[in-house]
Structure formats: structure tokens, C-alpha cells
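Here's the letter readout for the chains.
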Amino acid sequence: MTCTLATTVALLLMGAVSSFAPMTSVPSLQRIEGRIRPFFSTTKIQNSNDDDDDEDNSGMFDETENMEGNWMKKSTSIDFMPSEMQNSKDDSTYMDVGINGKTFGISDLSRRMHEALMVVATKQFPSGIPEELGDVYLLYSMDASAKEAVKVAMDSNGYALNLGDDESMQDEGAWGQIESVSFVDSETGDVIKGEDGSTSYESFTDAIAKGGWEPGDGFSFVVREIPSRKKAMDLEALLKALDPDGTLWDEAKDKGMLLPGDDIGSLKELATDCEQRVNSAPREANDEFNVYRGGTSMGYNVIQRSSLLKANRNPDGSENQKTLLHVMDSLANHGCIIVDLTDEDKSPEVAETMSGMWGATGSFFKQIGEGDAASTIPAMGPAEGVGSSHAMVGYASFKDGDNQFLETRISRTDGSLLPKETSSVIGEEGVKSMVDAFNIMSEVGKDIVRIATAASSDEAGAFVTVGSVVSQDEDSPSIAGLSFEEATVSGVMDEDTQPSDDDIARASILASEAATLLTEEIMDDGKPLSESANIEHDEGQVSMSPHRICRYSNEKGSKRKAKPSEIFGAHTDTTFVTIVPAAAVSGLEVYDEDSLQWYRPELNARKHAKSVDPKGEMDAKFPWHSRYLIVMPGELLQITSRNNIPAAVHRVVAAPETPRLSAPVLLRARPGTKMDVERYMGSLDKADSLLLETNDMKMEDIHSSLQ
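Everything quoted here is computed from the prediction, not taken from an experiment.

Colleague: Can you break down the overall build of the protein residue by residue, with the values?
Modeller: Of the regular secondary structure elements, the protein holds 18 helices and 23 strands. Of all 707 residues assigned to the protein, the portion counted as buried reaches 56%. Intrachain contacts of the protein at a sequence separation of at least 6 include 77% that bridge at least 24 residues. Summed over all atoms, the accessible surface of the protein reaches about 29600 Å², with 48% contributed by carbon and sulfur.

Written out as C-alpha cells, the structure reads:
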């Protein structure tokens, strides 16, 4: 996976090679298809349960409801459409757009535009640029900068300029009707007066002649009646136009930014990429009625627990293709997968176990709130016996009690729950339900990591060996008929020889078996490493994977605002996967890389529950949400999936009315084990540079490098 065009478009338009503050209307970094996040709201893409199919003005802001001066709508001043546009097959129309100069960095863009023009003009007029051309170059710089900002804004919302091949349409004023031009402070965005004392001008010509506009001055504007079509522009061409000699690319690279075409080739770059994606995610929040609930693609569907089991792989031991595609679509494009633990209520006992865990969680926070139970639990601090400086255990409260956490861990020696004082609050039955729920969630997480890692290794051809089956002694250890030694060198093939269908089939089997080893030897499920594991390791007596129970509220915030807000900010996790049991009160939001907006999967799970049990007949046994897990990929899975699956950017949103309880398991790596790429992911010849860097590293060191 590579860094997308969107970041660099924003970089060049804003002239910011350092990080920039995320804003709802700023073009921001996305991974999928080089798209820029829309500067509308999350209502731009209708929820899957909406019935209104009229898209004439769907999701578009009226000018009176704009976001910091950025808005877009279909033109209302034109009551006709030329015949050539009526016959167009690409949804041609006219649009009105408002652009905030600070948001789009127009001051720096106009300066660079003018400097580029001056370089060309100096060569054209070596004896000096004619004075009468001065204002012409100013006007072109202002107009061209405005046009490029409009292009990016329209592209972020699925439109492009429809100027055709007519060169006259490229002239100033021909591509749209400019109005309401105002000078703005490039730092604050405040409107400032021109030289004549005015705060608004009817055209760019007036802004130059009367207001004294100069390249580098920020300006906002409105442009109406823009010939447009629903067709994305070529962002590659825009980048080349903005940075023809690559100077800004070099500056951005020096600052550690990831650019289009750049693979995430190191742990440092992975950490940078995650930080950039977190910073670019929008901060506004919506209530349950307006938030995105998912679409119609396979990746939004709920998957049955049984589909993930090793026992349900293909008969030859390779991964089931339908399951594999479902998992990869969910994780890579939508940031999470929803798992039904009960297989649509065929196995209700698992949900009953999860219901017991929810009861213990509720009991804990109730006693914390009502009495002095908090004093009996150790304050959150470093966890001894894990073998990692990143492991914590204990109770903590933040934001005046709006965020409360109990970090628990499993002891490998006896399977008990730490801190041991937890039993004094929730009792032994409560502790048992916590441990049982941890085991259920960790097994689901391991299966998903197996499938995703195997799929990525298979796609890379990491286990393809040209040749036929090698016979084995009956008692010798093997993977699908090949010895471990032979499997280790898989992927090395003669350049002139193509693998047969049998070779490819065998590689798929090997990929699944190797990924299984990864889940058993590297992932920390709280159990001791098997005695049969023939690997170098230094294992602590306490699990690295915490089971964290949480209480999120917006009770203090309700005094200031009555709408939902971000209570636990956007972030990625240094995990293989983070498993979040669906909660009664929704609030987990994952940034959906496909729809480019926050997605609340618990609402999708709730919809599925109503379809499975419309009359609520199982409610007496367990609450509906006990059926479901939301599984999100972490940074470690991004590594083992060869950058095919980005670590999910996610957050928690809370409304003032009802607190949210949560109980995620963060499935991490055993700190003292080492990453062995050949053992778990095939030939080093097929490994990317990120995998190669991690080879033979202790998992604790990998974890530290990503902080």
C-alpha cells in the first residue's frame, strides 16, 4: 500500500511540508483510490436505510450553512442546460462553489504560481518584462490559483470542471462567474481590508486594481455557474502542474511526509503514516440518526463465527475464498469486520458468556460510582511480569470522570485475572466471565489474523515453489507434504519457469499453515507458548494483550453542549487486531477508507440483530449486542498483511444522555518472541522492505518503534 495523492495535493496547495491541523473542510490524506475527503458533512453519503434516491442536492450545504466558507451546490441561476451537456453521458451540470482561502492555502499557491510565471516571462523577455503585462500576470496567477483550488474541492466531492477542448474556456472569467472576493489573513482566516478599505470585490480584476492584491495575499471567493461533470480529475496531472521540478516533493520527503507512489517501507514510515491519517480524520460528531451505518458491499455484511474457523477452510487446508474476500474487503476498505458469535443464534451459549462479561463490567463501574471501590483497585501503572515497558494494569479516571478504565491482564501461570483485587469488586463469577470472554475474543482475533496474513502472503506468491510434491517420511514434520526446511525456501523460482496450478495450490496451503504458526507463536492470547514451539523466546508470566473495560460519558460536556462529541480521540492501535464487543450504547466509530467518513458498526450490528430475532425472543437469555464483536486491524496486522490492510483509525463518541460501556481486547504480540518472516510469511525474496526490517526483531522492539 502506498501513500495516496490526497496528502500531497493538500501539501502543495497549502505549502505545508510540516503537519497541518485537521479541519472538516481541509483536503486530507486518504488511502483508497487517491480520493480527497469531501468537505461536506457525513450526510453527503446517505445511510443505507435512507429511502430518498433524489441526488440533486443530496448532502450539499446551502451557503447559509457553510463550513468555514467552504460550500458547494448546484447552480440555481441557470434554468437551462445546453444540448451538448444534455446529451453527455457523464452527468454534466453547473455548480456554485465557495472557497475559503486559508483552508486551501491560496496565498502560498498564488505566490508559487506567480513565481513560475515570472521564470517563464523572464526567459521570454530577457531585456525586461513589459510593464503593461504586470497586471495580466497578476490576474492569471489569481485566476489559476482559484481554479486549482476549485478543482480540488470539486474532485473531493465527485465532480470535475467540464471545460472541454475549447481554449477560450480556460480564460479568466470563462470557467465561472467570480464574485464576493475578499482578502483573508493566511494564518487566522479573518477577512482583511484591501488598499481602498473595501472588504469585498466583484471580480479578481477589481481586487487587483482597487484592493492592491499581490501574489502571496490570501483570498476567499465565490464562483458560480461552473461547467461541471461527475467525473474525477486526474490528480497526477495536478501534482505535476503544481510541482513540475519536484522541489516540494523533496521538501516533503525531508520532513518525513509520505507521498504518492511511496511504499510504507519502514517502521518509522508506518508510524508517520498512521499519525498523518489520524490527524487528517474529521473531528465533528453526529448522533445515531445522522451517522454513517454502512453500505451494501460485502465488507459491511456480518460474518458468522463458524466461517472463520480453521475447520471450515477448504478440504486441502487452504483458506475459503468467500471468507477470505469478505475479511479482506471489511478490513482493508472499511476498517473493521462484524462477527456474529452465535451464527444467527445457532450457538447462543457464546452470547450468554459475553452477557456475563457485560454484567461484570456494569457491576464494576456501578460500584466505582457509588462507593469507595476505586480505592481497593491499584491505580493504573506498569504491569510486572509482562516483559514490556508498554504494558499497564490497574484503574484510571480521566476528564473529571468522563473516561474511566480498568486495564486487566491474564496470568499465564494460573489463568487468573490481574489486578487480583478486581475480584473484591465483581466477585469470582465476574472474574471468570471476564476471563472466558477474553478467551472467546482472542480466538476470533487469531482466526481473522490468520486469514488476512495468509491472503496477503498468497497474493504475493511468497510460498510458490516451482516443482512437484516432495515425498516425506511418514513421521517427519511437514506442511502440506513439504518439510519445514523446504517450505522455508519457498518463493525462490527459476526465472524461466512458471509455477503450475499444483504449485500455486500448494502455496495457498502453505500460506495458511504458516499464518497459523504466526497466530500460535507470536500473538499473545494469554496462554503459555506451546512446548512444541521450536522458536527462540523469552516469555513473561503475564499477557501482553490487555482486556480493558471502559466507561465513557459526556456528563461534564453536557453542561456545555447537547450534542455527541469525541470523548476518546482518533488513534490507531499497536495490535494485530483490537476486538470490541458490540455495546448497548453505540459510540465506536471507525474511519471508513472506502466511503471517507466515520462509520458506526454497532448500528449495523443492531440492524442485523433485528433481522435475526425480530421479536426479541432471545432477550431473556442475553441482550442483542452480546452476539457481536467488532474486529479492527492494528499496526502489526498492517505489517503482516504487507500493507494491504491499514491500521484502523477509530475513536469513541459519547452523547450527554447515556454513558457507554465498552470492553475491548487489544490482541498484541508476545514481547520476547522474534519475527521470523520466512517461517510465518514465506520467502524473503517476496517480502517488502517493511517486512524485511522487522525480520529477526523482537516483537517488543517492533512495538517500541511504532510509538
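Colleague: Could you give an account of the packing of aromatic side chains, naming the residues involved and the relevant values?
Modeller: By the definition in use, this model includes 16 aromatic pairs. A centroid spacing of 5.9 Å and a plane angle of 50° characterise the contact between Phe-398 and Phe-405, whose relative ring orientation is tilted. Where Tyr-591 meets Trp-598, the ring centres are 5.3 Å apart and the plane angle is 85°; that geometry is what we call edge-to-face.

Colleague: With reference to specific residues and values, describe the pattern of salt bridges.
Modeller: Counted under the stated rule, the structure contains 31 salt bridges. A salt bridge links Arg-450 to Asp-447; the shortest N-O distance between them is 2.8 Å. Of the two residues, Arg-450 and Asp-447 are both situated in helix H11 (residues 423-459); the distance of 3 residues between them amounts to about one turn of the helix. For the residue pair Arg-450 and Asp-447, the accessibility class agrees, reading buried in each case. Linking Glu-602 and Arg-660 is a salt bridge whose minimum nitrogen-to-oxygen distance equals 2.9 Å. Placement of the pair is Glu-602 in helix H14 (residues 601-612) and Arg-660 in strand E22 (residues 660-662), with a sequence separation of 58 residues. Exposure remark for Glu-602: the relative accessible area of 1% places this residue in the buried category.

Colleague: Hey, could you go over helix H13 (residues 501-521) for me, with residue numbers and the actual values?
Modeller: Compared with the 30 Å implied by 1.5 Å per residue over 21 residues, the 30 Å span of H13 between its first and last C-alpha is a close match. H13 sits mainly inside the fold: 15 of its 21 residues count as buried.

Colleague: Please give an account of unusual backbone geometry that cites residues and values.
Modeller: Cis geometry is found at the peptide bond from Leu-418 to Pro-419, where omega equals 0°. Tracing the sequence through the fold places Pro-419 in the loop between strand E12 (417-418) and H11. Non-glycine residue Asp-345 carries a positive phi angle of around 70°. By secondary structure assignment, the location of Asp-345 is in the loop between strand E8 (337-340) and helix H10 (348-370). Since its relative accessible area comes to 17%, Asp-345 is described here as buried. In this structure, Asp-400 is a non-glycine residue whose phi angle is positive, near 55°. Following the sequence through the fold, Asp-400 ends up in the loop between strand E10 (392-398) and strand E11 (403-410). Residue classification places Asp-400 among the exposed positions, given a relative accessible area of 65%.

Colleague: Let's hear about the sheet that holds strand E18 (residues 588-592): which residues, and what values?
Modeller: Taken together, 4 strands build an open sheet; the order of strands is E16-E21-E18-E19 and the sheet is antiparallel. The sheet terminates laterally at strand E16 (565-571) and strand E19 (597-599), the two strands that pair on one side only. Strand-to-strand, the axes of this sheet are offset by a mean angle of 30°, without reference to chain direction.

Colleague: Give me the pairing of strand E20 (residues 628-633): which residues, what numbers.
Modeller: Along E20, 6 of the 6 residues are buried, which leaves the element largely enclosed by surrounding structure. Every second residue of E20 is oriented toward a common face, with Tyr-628, Ile-630 and Met-632 on one face and Leu-629, Val-631 and Pro-633 on the other, all of them buried. Pairing of strand E17 (residues 577-581) with E20, which is carried by 5 bridges, proceeds in the antiparallel orientation. Across the sheet, the residue bridging to Val-580 is Ile-630, located in E20.

Colleague: Go over the environment of Arg-651 with me, naming the residues and quoting the values.
Modeller: Tracing the backbone through its elements, the reader meets Arg-651 in strand E21 (residues 650-654). Discounting chain neighbours no more than four positions away, the residues touching Arg-651 are Pro-282, Arg-283, Glu-284, Ala-285, Glu-566, Phe-568, Gly-569, Ala-570, Gly-587, Leu-588, Glu-589 and Trp-598.

Colleague: So, the pairing of E21: which residues are in play, and what are the values?
Modeller: Counting buried positions over the 5 residues of E21 gives 5, a clear majority of the element. Judged by which residues are buried, E21 turns out to be covered on both faces: His-650, Val-652 and Ala-654 on one side and Arg-651 and Val-653 on the other are all buried. Bridging between E16 and E21 involves 4 bridges; their strand directions are antiparallel. Each bridged residue has a counterpart across the sheet, and for Phe-568 the counterpart in E21 is Val-652.

Colleague: So what about helix H8 (residues 267-280)? Which residues, and what values?
Modeller: For H8, with 14 residues, the first-to-last C-alpha span of 20 Å sits near the 20 Å given by 1.5 Å per residue. Considered for burial, the residues of H8 that qualify are Leu-267, Leu-270, Asp-273, Cys-274, Gln-276, Arg-277, Val-278 and Ser-280.

Colleague: Outline the confidence of the model for the protein, listing residues and values.
Modeller: Across the protein, the average pLDDT comes to 81, with 77% of residues at or above 70. Segment residues 78-90: pLDDT under 50, and 14 contacts once partners within four positions in sequence are set aside and those in other chains are kept. Scored below 50 in pLDDT, residues 468-495 shows 47 contacts in the model against residues more than four places distant or in partner chains.

Colleague: How would you explain the packing of H11 against H13 if you had to name every residue and give the values?
Modeller: Remark: H11 packs on H13, axes separated minimally by 8 Å, with the N-to-C direction vectors making an angle of 140°. On the basis of the axis angle, H11 is oblique to H13. Crossing of H11 over H13 shows right-handed handedness. Together, Lys-446, Val-449, Arg-450, Thr-453, Ala-454, Ser-457 and Asp-458 of H11 and Ala-507, Ser-508, Ala-511, Ser-512, Ala-515, Thr-516, Leu-518 and Thr-519 of H13 make up the contact between the two elements. The residue inventory of the contact of H11 with H13, partitioned by class, reads 6 nonpolar, 6 polar and 3 charged.

Basis of the calculations
Residues numbered from 1 in each chain as written. Predicted model: local features only at pLDDT ≥ 70, side-chain atom pairs only at ≥ 80, totals over all residues. Heavy atoms only, no water. Helix = DSSP H or I, 4+ residues; strand = E, 2+ residues; numbered from the N terminus. Buried < 20%, exposed > 50% of the residue type's maximum accessible area, 1.4 Å probe, protein only. Contact = heavy atoms within 4.5 Å. Areas by Shrake-Rupley, 256 points an atom, 1.4 Å probe, with all protein chains shown as cover. Phe/Tyr/Trp six-rings, centres within 6.5 Å; stacked < 30°, edge-to-face > 60°. Salt bridge = Lys/Arg side-chain N within 4 Å of Asp/Glu carboxyl O. Expected span 1.5 Å × (residues − 1). Pairing = 2+ DSSP bridges. Axes fitted to C-alpha atoms, helices over the stretch in contact; angles between N-to-C directions. pLDDT = per-residue confidence, 0-100. Parallel < 35°, antiparallel > 145°, perpendicular 65-115°, else oblique. Left-handed = near helix turned anticlockwise from the far one by under 90°. Nonpolar A, V, L, I, M, F, W, Y, C, P; charged D, E, K, R; others polar.

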